[in-house]
Amino acid sequence: MKLRRILFFLLLAVCAAGLLLFPRQSAQAARDGMSLCFRTIIPSLFPFFVLSSLFISCGAADAFARLLRGVMRPLFGLGGAGASALALGLVGGYPVGARTVAELFAAGALRREEAERLLGFCNNAGPGFILGMCASTVFRSPRAGLYLYLVHVASAVFTGMLLCRDLPHGGKSRRENSAQKPSAALSPLFPAAVQSALGGILNVCAFVVLFMVLLRLLLLLLPPGLSGNPLYPLLLGFVELSNGVAALPCSREGFVLCAVLLAWGGLSVHAQTLSVLAASTLSVSRYWQGKILQAALSVPLAFLASFRLF
C-alpha cells in the first residue's frame, strides 16, 4: 500500500513537471479535448443520458424487463431489467451502460450481485463511434465497421455469459419484492432527467480533457521513433481510445487491434465510468474482469471476421 502511494505521488510529480515544461502543448491538448467534447462527445452522449434517466423514471424499464426476462434469464441468469442497460450500452456507447446499471440499482430494479455482474459486459462502444471513427477514418469501409460492431456485440455477450455462469438464480430485486409504485407524473421527470444528464456529461467531458492532456504529455516524453512500432496504437489506446484507434493501420492486424481497443475502452473511458458509478455503492471488480475478458475474446472473433475483409 505504501509503495502504491509512493508511485502515485511520483506520477503526480511527473505530470506536474510535464505541465511546467510543456505549457503550450498542454494548453493546446486541453483545447483539443474541449473541441472533441463539443463536436462529438456532447452531441452523441447527452441525448442517451437523458433517455436512460427517462427510461427508468417513467417505468419503461419495468415493461422492458417483463418483455425480455425470457432472454436474459437463460443467457445470463439475470432478470429482464438488465436488458435495458445492455441495449442502451450497445447503442449509446461508453459510459451509458454503466450509468444505466447504477440507476437501475438505485431504483431497486437490480440486485447488487446482478448489477455488479452486469457492469462487466454492458458498458460498450456505440455504433456511432465504430461506424464513424473506425470505419470511415481508419478502414474507409462501412463493411469493416459493421463487422467490428458485430464482433464487439458478440464479445460482450460471451463475456456476460462467462461472468454470470455461476450467478445464483434465486432472489428478486427490491422492486420485485415490493408492490409496484404508481407511475410518477411526466412533467417533473423530464427536467430532472435533463439536469441529471447535464451533470453526467460534464463529468465525462472533464475526464476527456484531462486524459487528452496526459496523453499529449506522454507522447512528448516517448522516443520519437516509437510511432512506427506496431504496439504504438495499443499504448495510445490503453490510455485514450480515439487516439489509439486513429493510429491503427488499415490491415488485418489493425482490424484485430481495433476490436481489442474497443473492448478495453481505455483509461479515459474507465475514469468516466467510475465517475458515473461514484454515487453508488457497487463494486467495480467485475467491471475490470469483464473489460479484460472482453478484450481477450475479441482477438479470435476479430481474426475470424478479418478474413471477410482482407
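Bear in mind the structure is a predicted one, so any value in this text is a computation, not a measurement. (Residues numbered from 1 in each chain as written. Predicted model: local features only at pLDDT ≥ 70, side-chain atom pairs only at ≥ 80, totals over all residues. Heavy atoms only, no water.)

Okay, the overall build of the chain next. Helix and strand counts for the chain stand at 15 helices and 0 strands. A globule of 310 residues ought to have a C-alpha radius of gyration of about 19 Å, and the chain, at 20 Å, matches this closely. In terms of principal-axis extent, the alpha carbons of the chain reach across some 65 × 45 × 40 Å. For the chain, the residues scored as buried account for 46% of the 310 residues in total. Taking as baseline every contact in the chain between residues at least 6 positions apart, the subset at least 24 positions apart corresponds to 78%. (Helix = DSSP H or I, 4+ residues; strand = E, 2+ residues; numbered from the N terminus. Rg over C-alpha atoms; globule rule 2.2 N^0.38 Å. Buried < 20%, exposed > 50% of the residue type's maximum accessible area, 1.4 Å probe, protein only. Contact = heavy atoms within 4.5 Å.)

Here we come to the pattern of salt bridges. The full count for this structure, using the stated rule, is 5 salt bridges. In this structure, Glu 114 and Arg 111 form a salt bridge, with 3.6 Å as the shortest nitrogen-oxygen distance. Just as Glu 114 is buried, Arg 111 falls in that class too. Taking the shortest distance from any N to any O, the salt bridge between Arg 117 and Glu 113 comes out at 2.8 Å. One end of the pair is Arg 117 and the other is Glu 113, both in helix α6 (residues 112-122) and 4 residues apart, which spans about a single turn. (Salt bridge = Lys/Arg side-chain N within 4 Å of Asp/Glu carboxyl O.)

Okay, the nonpolar core next. In this structure, Val 101, Leu 118, Leu 148, Cys 258 and Leu 262 are the most contacted members of the largest nonpolar core, which totals 50 residues. Ignoring sequence-local partners within four residues, the contact set of Leu 148 consists of Ile 130, Cys 134, Phe 139, Phe 255, Cys 258, Ala 259 and Leu 262. Counting residues in hydrophobic clusters, the runner-up holds 19 residues, among them Ile 41, Leu 45, Phe 49 and Cys 205. (Core = buried A, V, L, I, M, F, W, Y, C linked by side-chain atoms within 4.5 Å.)

Looking now at the side chain of Ser 306. Within the secondary structure, Ser 306 sits in helix α15 (residues 285-306). For Ser 306, the side chain forms a polar contact with the main-chain oxygen of Phe 303, separated by 2.6 Å. Ignoring sequence-local partners within four residues, the contact set of Ser 306 consists of Arg 252 and Phe 255. (Polar contact = N/O pair within 3.5 Å; in protein donor to acceptor, adjacent residues only side chain to side chain.)

Once that is clear, we can look at helix α8 (residues 142-163). In this model α8 runs 31 Å from its N-terminal to its C-terminal C-alpha over 22 residues, within 8% of the 32 Å that 1.5 Å per residue would give. Within α8, burial applies to Ala 144, Gly 145, Tyr 147, Leu 148, Tyr 149, Val 151, His 152, Ser 155, Ala 156, Thr 159, Gly 160 and Leu 163. (Expected span 1.5 Å × (residues − 1).)

Chain-level statistics for the chain give a pLDDT mean of 85 and a share of 91% at 70 or above. For residues 176-182, every residue scores under 50 in pLDDT, and the model assigns this stretch 4 contacts once sequence neighbours within four places are set aside. (pLDDT = per-residue confidence, 0-100.)

Another point: a nonpolar patch on the surface. A contiguous nonpolar surface patch, about 400 Å² in accessible area, is contributed by Leu 3, Ile 6, Leu 7 and Leu 10. Mapped onto the elements, Leu 10 comes out in helix α1 (residues 2-21). (Patch = residues over 30% accessible without salt bridge, like charges linked within 9 Å, V, L, I, M, F, W, Y side chains within 5 Å. Areas by Shrake-Rupley, 256 points an atom, 1.4 Å probe, with all protein chains shown as cover.)

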